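For reference, the chains in residue letters:
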Amino acid sequence: MISREQRTPLSEWWWTVDRLLLAGMVLLMLTGVVLSLAASPSVATRIGLDPFHFFHRHVLFLLPSIVVMVGVSFLSPRQIRRSALIVFALSVVLIVATLGFGPEVKGAKRWITILGVNIQASESAKPAFVVLAAWLFSESARKPEMPATSMALTLLLGLVTLLVMEPDFGQTMLILMVWGALFFIAGMRIVWVFGLAGAAIAGLFAAYMMVPHVALRIRRFMDPASGDTFQVDTAMDAFANGGWFGLGPGEGIAKRSLPDSHTDFVFAVGAEEFGIIMCLGLLALFTFIVMRTLSRAYASEDLFSRFAASGLAIMFGVQAAINMAVNLHLIPAKGMTLPFISYGGSSMVSLAYGVGLMLALTRERPRTEMESISDATAAASYA
């Protein structure tokens, strides 16, 4: 037991962190281990690897992810801004390096290998970008004369340009949605709502007309007979086979033929083996994490903490919603992982960094600490 009377960094962290939110994250990670064990052996066997190759790597990636999540949750708001600035700068450098030296896979350059480790830099750029955008919006609200909104827009356009060059339209859409949500939370004018909506529609139309890959996916979604819909059809069969209570652990059929059953379509594998009840429970868990973070963010007196925590929660929830919607054939297929459930090292560690920031930003802080943060900001002691 950790006593409230102990004045150590660990005791202060334990009594100020949102333990319900932390428990929700841990439960989500444990669920990911179970579903990885259910979905990954068939994929590994099919490509000639050890049956538990992806499962072992999933657990291996989970260990540093937990360390990152807990370590980041100790940070103060000022340290959060500094870390985000460093992570974003490194991510941009790696994205540029990926465009120059990364291998092209299915017409896209998204990965770069450093010291034998495959890295997708766009994953780590996302949470750092949200924090920096929230910082700029909070400064814009506090100092209207400061061109912080223009700086936030420049930051957005720079990152989106790099992502489109890869190309990675899934991450681009996610970044645009989160930035728009942050802009709305910061109190944008109604004219900007229509302007951003029009720009998004124009961008989607341009992608449809100019990028064959995007056009193919949209046409295939609108008219399944126009292309190969094997993965989506198999995923839908998995939901139908599972019913309410599932076929039982290890009894799934769809995973034997789904190429991405351990990544993009792990939700469908879980539905077949554990039933719709499990899917609803997982949906409730994601909803709880997002709503809990938003409620804690709303209660914060610090604008930066409020905006950053809200943006990170929205990004976390939208990413999960996109993956689930693809599995249910509600939107065109997108290569978006299900947070802490899908296999993927870069995604898992980056998500851990993001939820660690959420835990840090929603910690209970004494009023005197919040006032000192505001005073330091007012004195231009920026990170």
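Check the entry above for the structure.
Structural notes, computed from the coordinates.

### Section: the overall build of the protein
- Helix and strand counts for the protein stand at 14 helices and two strands.
- The burial tally for the protein puts 48% of its 383 residues in the buried class.
- Taking all contacts inside the protein whose residues are at least 6 apart in sequence as the whole, residues at least 24 apart take part in 73%.
- Accessible surface, the protein: about 18,200 Å² in total, of which carbon and sulfur atoms supply 69%.

### What about unusual backbone geometry?
- Across the junction of Glu166 and Pro167, the peptide omega takes the value -10°, indicating a cis bond.
- Residue placement: Pro167 occurs in the loop between helix H6 (148–165) and helix H7 (169–185).
- Positive phi values are uncommon outside glycine, yet His329 reaches one of about 60°.
- With respect to the helices and strands, His329 occurs in the loop between helix H12 (303–327) and helix H13 (345–361).
- For Phe340, which is not glycine, the phi dihedral falls at a positive 65°.
- Of note, Phe340 is situated in the loop between H12 and H13.

### Observations regarding the packing of aromatic side chains
- Considering all chains together, one arrives at 11 aromatic pairs under this definition.
- Relative to Trp14, the ring of Trp13 lies with its centre 6.2 Å away and its plane at 45°, an arrangement referred to as tilted.
- We classify Trp14 as partly exposed; its relative accessible area is 29%.
- Look at Trp13 and Phe74: their rings are 5.2 Å apart centre to centre, the planes differ by 10°, and that puts the pair in the stacked class. Highlighted residues: Trp13 in helix H1 (residues 9–16) and Phe74 in the loop between helix H3 (53–72) and helix H4 (77–101), separated in sequence by 61 residues.
- Relative accessible area serves as the criterion here: at 7%, Trp13 is assigned to the buried category.
- The ring of Trp14 is capped by Arg19, whose NZ or CZ atom sits 5.3 Å from the centre of that ring.
- Between the NZ or CZ atom of Arg81 and the centre of the ring of Phe304, over which it lies, the distance is 4.9 Å.

### Structural notes on the pattern of salt bridges
- Counting across every chain of the model gives five salt bridges.
- Across the salt bridge formed by Arg292 and Asp18, the nearest N and O atoms sit 2.7 Å from each other. With a gap of 274 residues between them, Arg292 in helix H11 (residues 266–299) and Asp18 in the loop between H1 and helix H2 (19–46) connect regions that are remote in the sequence.
- Its relative accessible area of 24% is what places Arg292 among the partly exposed residues.
- For Asp18, a relative accessible area of 2% translates into the label buried.

### Let's talk about the nonpolar core
- If you look at the biggest cluster of nonpolar residues, it comprises 97 residues, and the most contacted ones within it are Leu28, Phe129, Leu282, Phe286, Phe316, Leu338 and Phe340.
- In contact with Leu282, not counting residues within four places along its chain, are Leu28, Thr31, Leu35, Phe267, Met324, Leu338 and Ile341.

### Focus: the environment of Phe274
- Here Phe274 lies in helix H11.
- According to the relative accessible area criterion, Phe274 is partly exposed, its value standing at 23%.
- Taking the C-alpha atoms as reference, Phe274 lies 9.6 Å from Gly250; in sequence the two are 24 residues apart.
- When neighbours within four sequence positions are excluded, Phe274 is seen to be in contact with Val34, Leu35, Ala38, Trp244, Phe245, Gly246 and Pro249.

### Description of empty space enclosed by the protein
- The tally for this structure, following the rule as stated, stands at one cavity of 30 Å³ or more.
- Approximately 70 Å³ is the volume attributed to the largest cavity.
- Lining the largest cavity are 13 residues, and of these Pro127, Met315, Ser350, Leu351 and Gly354 lie nearest its centre.
- Breaking the lining of the largest cavity down by element, the ones donating at least two residues are helix H5 (121–142), H12 and H13.

### A short note on the packing of H5 against H12
- Between H5 and H12, the least distance of the axes is 8 Å, while the angle of their chain directions is 145°. When the axes of H5 and H12 are compared, the crossing they make is right-handed. Residues Lys126, Pro127, Val130, Val131, Ala134, Trp135, Phe137, Ser138 and Ala141 of H5 form the contact with H12, whose participating residues are Leu303, Phe304, Phe307, Ala308, Gly311, Leu312, Met315 and Gln319.
- When the residues that make up the contact of H5 with H12 are grouped by side-chain class, the tally is 13 nonpolar, three polar and one charged.

### Considerations on a nonpolar patch on the surface
- A cluster of nonpolar side chains, namely Trp244, Phe245, Ile277, Leu280 and Leu283, defines an oily patch on the protein surface of about 560 Å² accessible area.
- A relative accessible area of 39% means that Leu283 is categorised as partly exposed.

### Describing the side chain of Thr234
- For Thr234, the position within the fold is in helix H10 (residues 230–242).
- Residue classification places Thr234 among the buried positions, given a relative accessible area of 10%.
- Ignoring sequence-local partners within four residues, the contact set of Thr234 consists of Ala254, Ser257 and Leu258.

Calculation criteria
- Residues numbered from 1 in each chain as written.
- Predicted model: local features only at pLDDT ≥ 70, side-chain atom pairs only at ≥ 80, totals over all residues.
- Heavy atoms only, no water.
- Helix = DSSP H or I, 4+ residues; strand = E, 2+ residues; numbered from the N terminus.
- Buried < 20%, exposed > 50% of the residue type's maximum accessible area, 1.4 Å probe, protein only.
- Contact = heavy atoms within 4.5 Å.
- Areas by Shrake-Rupley, 256 points an atom, 1.4 Å probe, with all protein chains shown as cover.
- Phe/Tyr/Trp six-rings, centres within 6.5 Å; stacked < 30°, edge-to-face > 60°.
- Lys NZ or Arg CZ within 6 Å of the ring centre and 35° of its normal.
- Salt bridge = Lys/Arg side-chain N within 4 Å of Asp/Glu carboxyl O.
- Core = buried A, V, L, I, M, F, W, Y, C linked by side-chain atoms within 4.5 Å.
- 1 Å grid on protein atoms, 1.4 Å probe; cavity = no way out; pocket = protein on both sides within 12 Å on 5 of 7 lines; lining within 4 Å.
- Points joined across faces, edges and corners; volume = space filled by probe spheres on them.
- Axes fitted to C-alpha atoms, helices over the stretch in contact; angles between N-to-C directions.
- Left-handed = near helix turned anticlockwise from the far one by under 90°.
- Nonpolar A, V, L, I, M, F, W, Y, C, P; charged D, E, K, R; others polar.
- Patch = residues over 30% accessible without salt bridge, like charges linked within 9 Å, V, L, I, M, F, W, Y side chains within 5 Å.

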